[in-house]
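Inside the fold
The chain contents come next:
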Amino acid sequence: MRIGLTGGIGSGKSTFGQLLASLGAALIDADQIARIVTGPGGAAIEAIRQTFGPDYVDAAGALDRARMRALAFSDGDARLRLESIVHPLVTQRSAEEARQALQDGRRLIVHDIPLLVESGRWARQLDAVVVIDCPPETQIERVVQRSGLTGEAVQAILSHQASRPVRRAAADIVVFNGPHCTLTQLQAQAAQLGQLFGL
């Protein structure tokens, strides 16, 4: 089985993915792969330099994330150009990791994809979509606490992600991780889901 795991920033999606991995699922993290291909000497760096200029590559040879974030949020076209560089590389590496997981005999492959709903190109490759859901005010509070970003900055990120109703509508399964959901309760939901998918 292949499932897509998604949820907005601060929803707890990554935590839930790690819980499924601890139960034996193969976790393929699109964000982590994106960080690798845009990291020092990553496969996307030369194309980023050519497209956006040397100011968008830092001294270590990685994408200057803060500068690119500012540009991408102010210029939708820039975001699309960046995605056209990074997404094919992420897709290619995700496919390689999935093939390896199948060879290793994994029963469940979890694709952790933050922009699964927004991309519109994953549905045919997945058996089910699992959405980690919580109220936007909870997302903002969590991200401010962990990242030091302002509430306004987090709100700007949320405005570029699928809305809560759109994401929920795309889900086969919704896992609610609201403000009062404890890690123990989230673990129980992960175990239930794992059982459903044969772990």
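Residues numbered from 1 in each chain as written. Predicted model: local features only at pLDDT ≥ 70, side-chain atom pairs only at ≥ 80, totals over all residues. Heavy atoms only, no water.

**Description of helix H8 (residues 151-159)**
Going by this rule: Exposed residues in this analysis have more than 50% of their type's maximum accessible area, buried residues have under 20%, and partly exposed residues fall in between, with area computed by a 1.4 Å probe over protein chains only. Numbered from the N terminus, helices here are DSSP runs of H or I no shorter than four residues, and strands are runs of E no shorter than two. Taken from the helix axis, the directions to the C-beta atoms give the arc we talk about. Note on definitions: a residue-residue contact is assigned when non-hydrogen atoms from the two residues lie within 4.5 Å.
Turning to H8, its buried residues number three or more, namely Val154, Ile157 and Leu158. Each buried residue of H8 lies within a common arc of 100° when the element is viewed along its axis, so the set occupies one face. Exposed residues pointing more than 90 degrees away from the buried face of H8 are listed as Glu152 and Ser159. Turning to H8, the residues buried within the fold contact helix H4 (65-74) and helix H7 (136-147).

**As for the side chain of Asp112**
Counted only if it meets this: Definition of a polar contact: a pair of N or O atoms within 3.5 Å, with one able to donate and the other able to accept a hydrogen when the atoms are protein atoms, and with sequence-neighbouring residues admitted only if both atoms are side-chain atoms.
Structurally, Asp112 can be placed in strand E3 (residues 109-112). Reaching out from Asp112, the side chain makes a polar contact with the side chain of Lys13 at a distance of 2.7 Å. Non-local contacts of Asp112, meaning those with residues more than four positions away in its chain, are made with Leu5, Lys13, Ser14, Leu27, Ile28, Asp29, Ala30 and Asp31.

**Overview of the sheet that holds strand E5 (residues 173-176)**
As a reminder, the rule being used: Here, a strand pair is defined by DSSP locating no fewer than two bridges between the strands. In this analysis an axis means a line fitted to C-alpha atoms, helices contributing only their contacting stretch, and an angle means the value between N-to-C directions, from 0 to 180 degrees.
Pairing within the open sheet is parallel, and its five strands lie in the order E2-E3-E1-E4-E5. Sheet topology places strand E2 (26-29) and E5 at the edges, where each strand pairs with a single neighbour. Each adjacent strand pair in this sheet contributes to an overall mean axis angle of 25°, direction not counted. Sheet topology note: the strand E1 (residues 2-6)/strand E4 (residues 128-133) ladder contains four bridges and is parallel. Counted as the bridge partner of Thr6 is Val131 from E4. Of the strands in this sheet, E1, E2, E3, E4 and E5 are in contact with helix H1 (residues 13-22), which crosses E1 at around 150°.

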